[in-house]
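# Structure at a glance
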Amino acid sequence: MYLAPFRSGKTTHKYFMDRGFTKQTVKECKIGWDRVKKRVTIPVFHMDGTLAGVSGRAVLEQKLPNGKMNPKYREVYGGSPKYLLYDNFEISNVMFGSHEFPKGEKTAIIVEGMFDRLYMRQLGYKNALGIIIAKMSKDRRGNSRQKDILHELGVKNVIFMHDNDDPGEAGK
């Protein structure tokens, strides 16, 4: 998987900028734009800095403010979800932002999702990590790879900051 087709760090959709992100964040985090699938692209890295995969975020909202399905979303994206994992990389094996986690930092702020983590980073919280789904995942034996990553980073204290919505509440 390569980032070049998404013009990562060079161009992105207005949607990303409208959400309060800066050009500096776009460049440093290699945010891109998939013109074909009409998605903002966000590269996800393993702890060692190697590329795990790319996530694409639809620029249209699935639902209208009244709660009904957005017909434009269906027209553009069909039945596909808001987030698309290119190459179906294993999200349970990563914590978004772990490749930038400060050495020696003992406290991690765990947020729900990549956008929340990117925004925390933009605000200066380099110790913020994102889980790509609402809660930390577990394998068949009940072990969490994300918990292992926290241990490998030397984290002793964790602050969870979930969204105030149904998936966020389920992840608590």
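Here the structure is shown first, and the text comes after it.
We now turn to the structure provided with this report. (Residues numbered from 1 in each chain as written. Predicted model: local features only at pLDDT ≥ 70, side-chain atom pairs only at ≥ 80, totals over all residues. Heavy atoms only, no water.)

### Examining the sheet that holds strand β1 (residues 32-34)
Across the sheet, 4 strands lie side by side as β1-β2-β3-β4; this open sheet has antiparallel pairing. At either margin of the open sheet sits one strand with a lone partner, and together these are β1 and β4 (83-86). Sheet twist, expressed as the mean angle between neighbouring strand axes with direction ignored, is 35°. Across the face of the sheet, helix α4 (residues 114-122) comes into contact with β2 (39-45), β3 (51-58) and β4 while running at roughly 75° to β2. (Pairing = 2+ DSSP bridges. Helix = DSSP H or I, 4+ residues; strand = E, 2+ residues; numbered from the N terminus. Axes fitted to C-alpha atoms, helices over the stretch in contact; angles between N-to-C directions. Contact = heavy atoms within 4.5 Å.)

### Notes on the packing of aromatic side chains
A complete count under the given rule lists 6 aromatic pairs for this structure. Lying across the ring of Phe96, Arg117 places its NZ or CZ 5.9 Å from the centre. (Phe/Tyr/Trp six-rings, centres within 6.5 Å; stacked < 30°, edge-to-face > 60°. Lys NZ or Arg CZ within 6 Å of the ring centre and 35° of its normal.)

### What to know about the environment of Arg121
Tracing the sequence through the fold places Arg121 in helix α4. Distance in space between the C-alpha atoms of Arg121 and Thr25 is 8.6 Å, their sequence separation being 96 residues. In this view, Arg121 contacts Glu28, Cys29, Glu100 and Lys126; residues no more than four positions away in its chain are not counted.

### Quick word on the pattern of salt bridges
Per the stated rule, a full pass over the model turns up 7 salt bridges. The residue Arg117 makes a salt bridge to Glu100 at a minimum N-O spacing of 3.0 Å. Linking Arg117 in helix α4 with Glu100 in the loop between β4 and β5 (107-112), this pair joins segments that are 17 residues apart in sequence. A salt bridge links Glu152 to Arg145, with the shortest nitrogen-to-oxygen separation between them at 2.8 Å. In this structure Arg145 comes out as partly exposed when scored by relative accessible area, which is 30%. Connected via shared salt-bridge partners are Glu28, Glu100, Arg117 and Arg121. (Salt bridge = Lys/Arg side-chain N within 4 Å of Asp/Glu carboxyl O. Buried < 20%, exposed > 50% of the residue type's maximum accessible area, 1.4 Å probe, protein only.)

Limitation: the analysis is restricted to geometry and does not speak to function.
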